[in-house]
Amino acid sequence: MRIAASIFSLLAIAFVLSSCQTAEEIRAADEARCGSYGFKRGSENFANCLMNQDLSRRADQRAFMESNNDFFWGPTVVVGGPGYYYHRGYWRR
């Protein structure tokens, strides 16, 4: 039973690590996508397409972080009575 659990753990770790992409792989995928749209490498439109791919990826990451806000930052803590609270490093009123 213990051996099966350790083999399962190793397989799970291998699966998670295999899904990671390096910066070069991400760049190559972005260039391939922009090339498939018909933009020529080295043109201003190609550069704009690469920029839009990066901005879209960052927006997806921000949306993921905001949708899991309590998981990453913890719940809002009420300190100092009614009307004041501390959230994400800022005092608010």
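None of the values given here were measured: they were computed from a predicted structure.

1. Things to note about the overall build of the chain
(1) Moving on: When you go through the chain residue by residue, the secondary structure sums to four helices and two strands.
(2) Moving on: Along its sequence from the N terminus, the chain presents helices and strands in the succession α-α-α-α-β-β.
(3) Moving on: When the 93 residues of the chain are sorted by exposure, 11% land in the buried category.
(4) Moving on: Expressed as a percentage of contacts within the chain between residues at least 6 apart in sequence, the contacts between residues at least 24 apart total 5%.
(5) Moving on: On the chain, roughly 8,100 Å² of surface is accessible, and the fraction owed to carbon and sulfur atoms is 61%.

2. Quick notes on the confidence of the model for the chain
As a general rule, the predicted coordinates of low-pLDDT regions are not to be interpreted in detail.
(1) Moving on: With 57% of its residues at a pLDDT of at least 70, the chain reaches an overall mean of 78.
(2) Moving on: Averaged pLDDT values over the elements of the chain bottom out at 56 in strand S2 (residues 90-92) and peak at 94 in helix H2 (residues 23-36).

3. Quick look at helix H3 (residues 44-67)
(1) Moving on: Between its first and last C-alpha, H3 extends 34 Å over 24 residues, near the 34 Å set by a 1.5 Å rise per residue.
(2) Moving on: All buried positions along H3 are accounted for by Phe46, Cys49, Leu50 and Gln53.
(3) Moving on: Buried residues along H3 sit against H2.

4. Re the environment of Asn52
(1) Moving on: Residue position: Asn52 is located in helix H3.
(2) Moving on: For Asn52, a relative accessible area of 44% corresponds to the partly exposed category.
(3) Moving on: Spatially, the C-alpha atoms of Asn52 and Cys34 are 9.9 Å apart, while their sequence positions differ by 18 residues.

Rules behind the numbers
Residues numbered from 1 in each chain as written. Predicted model: local features only at pLDDT ≥ 70, side-chain atom pairs only at ≥ 80, totals over all residues. Heavy atoms only, no water. Helix = DSSP H or I, 4+ residues; strand = E, 2+ residues; numbered from the N terminus. Buried < 20%, exposed > 50% of the residue type's maximum accessible area, 1.4 Å probe, protein only. Contact = heavy atoms within 4.5 Å. Areas by Shrake-Rupley, 256 points an atom, 1.4 Å probe, with all protein chains shown as cover. pLDDT = per-residue confidence, 0-100. Expected span 1.5 Å × (residues − 1).

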